[in-house]
Amino acid sequence: MTSGLDRETLELSLEAFRDFATEKLPDDVLLDLDERDEFPVDLVRELCGSGLGIQLLFIDEEFGGMGGGAFDVYRICEALAQVDLGIATGVLATFLGSDPIRFGGTEEQKSHWLGRIAEEGLLFAYCATEPEAGSDLGALKSTAERVEQDGEIVGYRINGSKQWISNGGYADVYTVLATAPGGPSWFIVEAGAEGLSPGQPEDKHGIRASNTAAVGFTDVVVATDRLVGGREGQGLLQAQAVFGYTRLMVAAFGLGGGWAALDRAIPYSTERVQGGSTCATQFVCPNVSRFPPPLGPTLSSTPL
Ligand SMILES: Cc1cc2nc3c(=O)[nH]c(=O)nc-3n(C[C@H](O)[C@H](O)[C@H](O)COP(=O)(O)OP(=O)(O)OC[C@H]3O[C@@H](n4cnc5c(N)ncnc54)[C@H](O)[C@@H]3O)c2cc1C
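What you see is a predicted model, and the numbers here were worked out from it, not measured in a lab. (Residues numbered from 1 in each chain as written. Predicted model: local features only at pLDDT ≥ 70, side-chain atom pairs only at ≥ 80, totals over all residues. Heavy atoms only, no water.)

Trainee: Which parts of the structure should I look at to understand the packing of helix 5 (residues 85-104) against helix 6 (residues 107-120)?
Mentor: Running from N to C, helix 5 and helix 6 point in directions that differ by 160°, and their axes come no closer than 9 Å. Taken together, the axis directions place helix 5 and helix 6 in an arrangement best described as roughly antiparallel. Crossing handedness for the pair helix 5 and helix 6: left-handed. Note on element contacts: helix 6 touches helix 5 through Gln109, Lys110, Trp113, Leu114 and Ile117, opposite Thr94, Phe95, Ser98, Ile101 and Arg102. Grouping the amino acids of the contact of helix 5 with helix 6 by side-chain chemistry returns five nonpolar, three polar and two charged. (Axes fitted to C-alpha atoms, helices over the stretch in contact; angles between N-to-C directions. Helix = DSSP H or I, 4+ residues; strand = E, 2+ residues; numbered from the N terminus. Parallel < 35°, antiparallel > 145°, perpendicular 65-115°, else oblique. Left-handed = near helix turned anticlockwise from the far one by under 90°. Contact = heavy atoms within 4.5 Å. Nonpolar A, V, L, I, M, F, W, Y, C, P; charged D, E, K, R; others polar.)

Quick look at the structure:
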């Protein structure tokens with residue numbers, strides 16, 4: 001993580017995102033997506049592409065991004081979650097999915113794939129979980145068999161089933177954890193690869209605007225340059241590094257969702273009359289009139 005954006009650039013980025021959300025993601029659109037359990041892929045591509053370019057905040061300058069730091073990532077994730085946790089998850093999945101490369105990739109892999117996220121707004125999916133390997137990734141059953149030619153390794157043949165994969169049905173690129181002869185390793189697979197089969201979206205209780213799907217790999221062959229880091233057996237270490245980074249994003253989602261709930265509940269409590277007075281006056285809640293509507297500057301916008 002770099003030292004981050006200057007304050008003005010961060011505020012401008014947040015403002016641009018809020019304008020985007022106000023125009024394209026009003027409540028009726030969000031409620032409709034939630035009801036239909038639909039991932040708004042075009043809007044997420046606009047958010048993470050030439051439309052708004054939010055993905056640039058998460059990518060280092062040397063790879064074509066803006067080099068946001070931890071505080072910038074926190075603020076933008078909080079703002080995303082204030083709009084919709086499902087859409088926020090759709091954005092997160094690209095950074096979860098590309099983190100094995102960011103933390104464990106060779107310089108060429110970083111430059112190629114992170115550069116393409118910055119430039120093209122590629123959507124990624126992170127494929128670790130399996131039907132029988134969730135918390136315990138050591139139990140994973142997916143395999144990556146070496147493909148050899150004249151005694152040289154020229155690629156890997158991946159087989160396995162992944163479960164609960166965010167962006168699983170829509171990603172342009174999948175990072176996949178599978179056991180190679182040298183141990184668990186991450187591989188990069190592009191959408192459309194022969195033998196790659198994204199499943200139907202899960203009908204979830206919450207974050208319904210995110211896409212969560214099973215992804216199957218049947219004899220998917222990739223070249224050796226798709227082995228993350230170029231060495232077998234680094235996968236579990238790389239997976240740990242990934243969780244270290246994205247925990248910040250998930251925590252910001254929790255806070256953003258919570259602030260958004262307060263931004264709605266508090267004004268409502270000043271209107272709702274119960275037993276002769278508003279709910280707000282029945283509880284000690286000073287300064288209630290200063291709370292803004294949902295997408296304005298919020299309680300969370302604390303000055304540094
Ligand atoms: C909406 C959604 C999106 C997701 N997106 C992705 C994604 O993009 N990529 C991906 O790879 N995965 C994804 N996942 C999967 C997620 O990472 C797993 O659900 C998680 O790793 C837990 O695995 P599991 O569901 O198999 O639960 P289990 O591992 O079976 O755990 C079930 C329960 O048992 C507890 N438990 C497990 N082991 C122990 C133990 N040793 N001791 C005590 N308690 C234990 C757990 O804390 C949990 O409460 C997603 C899941 C959801 C719901």
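Structure shown, so let's carry the discussion forward.
Trainee: Quick question: what am I supposed to make of helix 1 (residues 7-24) here?
Mentor: Under the 1.5 Å per step criterion, the end-to-end length of helix 1 is 26 Å for 18 residues, consistent within 8% with the ideal 26 Å. Within helix 1, the full set of buried residues consists of Leu10, Ser13, Leu14, Phe17, Arg18, Phe20 and Ala21. Down the axis of helix 1, the buried side of the element spans an arc of 160°, and every buried residue falls inside it. Residues of helix 1 that are exposed and angled more than 90 degrees away from the buried face: Glu8 and Glu23. Where helix 1 is buried, its residues meet helix 3 (41-47) and helix 4 (70-83). Where helix 1 begins, the side chain of Asp6 points an oxygen toward the backbone nitrogen of Glu8, at a separation of 3.1 Å. (Expected span 1.5 Å × (residues − 1). Buried < 20%, exposed > 50% of the residue type's maximum accessible area, 1.4 Å probe, protein only. Arc of directions from axis to C-beta. Polar contact = N/O pair within 3.5 Å; in protein donor to acceptor, adjacent residues only side chain to side chain.)

Trainee: Would you explain the environment of Gly199 in this entry?
Mentor: Along the chain, Gly199 falls in strand 6 (residues 196-201). Judged by relative accessible area, Gly199 falls into the partly exposed class, the value being 28%. Along the chain, Gly199 and Ala214 lie 15 residues apart, while their C-alpha atoms are 5.0 Å from each other. The contacts of Gly199, once residues within four sequence positions are left out, are Ala213 and Ala214.

Trainee: Mind showing me how you'd approach the packing of aromatic side chains here?
Mentor: Both the distance between ring centres and the angle between the ring planes are used here to describe each pair of aromatic rings. Enumeration over the complete set of coordinates arrives at five aromatic pairs. Their ring planes at 35° and their centres at 4.7 Å tell us that Tyr126 and Trp186 sit as a pair that is tilted. Taken together, the positions of Tyr126 in strand 1 (residues 124-127) and Trp186 in strand 5 (residues 183-190) put the pair 60 residues apart, joining distant regions of the chain. For the pair Tyr156 and Phe187, a centre-to-centre distance of 4.9 Å together with 50° between the ring planes defines the contact as tilted. With Tyr156 in strand 3 (residues 152-166) and Phe187 in strand 5, the pair connects residues that are 31 residues apart, well separated along the chain. Owing to a relative accessible area of 3%, Tyr156 belongs among the buried residues under this scheme. (Phe/Tyr/Trp six-rings, centres within 6.5 Å; stacked < 30°, edge-to-face > 60°.)

Geometric descriptors of this kind do not, in isolation, establish any biological role.
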